[in-house]
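Descriptive structure summary
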Amino acid sequence: MAKAYASAVIDAPIETVWKIVRDFNGLPAWHPAIASSEIEEGRSSAEVGCVRSFYLKDGAHVREQLLALSDGEHSLSYSFVKPAFPVSNYIAGIRLLPVTDGNRTFAEWTAVFDEAPEDAGKYVEIISTHVFAAGWSALRTKLAE
């Protein structure tokens, strides 16, 4: 099983960061790779089980299902319904923790998944760097505006 990971310290209070990140349909507002997104079947983006259908700026279509959402723990998890990459058993999660020195936020984004043997390690780097780290960098920039 492969594991992708990226973390960041964001110079904003956890409540501010969580308000943006917890919106399961809000990726286009802060992630540079996402062109558009909608929650299927008119469901709420905070409803566990809802599916977000989104398009990447390169035109690829992805569907993900919200598995858990906890305001108390500032965390969420989701899985691929229609993957962006040729991986299987993909489960991802975001967790925020307060950094009390300076009222900042520690943010981490993780995913575990299976890759085909010939792809071993390929998607770990892509997801860690181009999806997760790029997202944190963009969110940090957005909150600094």
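Before going into details, it helps to say that this report is about the structure given with it. It should be emphasised that the depicted structure is a prediction, and the values quoted were computed from it without experimental measurement.

A look at helix α2 (residues 122-144)
Along its 23 residues, α2 runs 32 Å from first to last C-alpha, staying within 8% of the 33 Å computed at 1.5 Å per residue. Taken as a whole, α2 carries its principal kink of about 30° at Ala 133. Among all positions in α2, only Tyr 123, Ile 127, Ser 128, Phe 132, Gly 135, Trp 136, Ala 138 and Leu 139 are buried. In this structure, the buried side of α2 is in contact with β1 (2-10), α1 (14-21), β5 (75-82), β6 (87-99) and β7 (104-115).

With respect to the layout of surface pockets
Here the largest pocket is characterised by a volume of approximately 290 Å³. Those elements giving two or more residues to the lining of the largest pocket turn out to be β3 (51-56), β4 (61-70), β5 and α2. Top contributing element to the lining of the largest pocket by residue count: α2, with four residues.

Looking at the pairing of β3
Burial analysis of β3 places five of its six residues in the buried class, which makes it a mostly covered element. The pairing of strand β2 (residues 34-39) with β3 spans five bridges and is classified as antiparallel. Across the sheet, residue Glu 38 finds its bridge partner in β3, namely Ser 53. The pairing of β3 with β4 spans five bridges and is antiparallel.

Observations regarding the environment of Ile 14
Considering the arrangement of structural elements, one finds Ile 14 in helix α1. Residue Ile 14 is classed as buried on the basis of its relative accessible area, which comes to 6%. Separated by 71 residues in the primary sequence, Ile 14 and Phe 85 have C-alpha atoms spaced 30 Å apart. Once residues lying within four places of it in the same chain are set aside, the contact partners of Ile 14 are His 74, Leu 96, Leu 97, Pro 98 and Thr 105.

What counts and how
- Residues numbered from 1 in each chain as written.
- Predicted model: local features only at pLDDT ≥ 70, side-chain atom pairs only at ≥ 80, totals over all residues.
- Heavy atoms only, no water.
- Helix = DSSP H or I, 4+ residues; strand = E, 2+ residues; numbered from the N terminus.
- Expected span 1.5 Å × (residues − 1).
- Bend = angle between axes of the 7 residues up to and from the residue.
- Buried < 20%, exposed > 50% of the residue type's maximum accessible area, 1.4 Å probe, protein only.
- Contact = heavy atoms within 4.5 Å.
- 1 Å grid on protein atoms, 1.4 Å probe; cavity = no way out; pocket = protein on both sides within 12 Å on 5 of 7 lines; lining within 4 Å.
- Points joined across faces, edges and corners; volume = space filled by probe spheres on them.
- Pairing = 2+ DSSP bridges.

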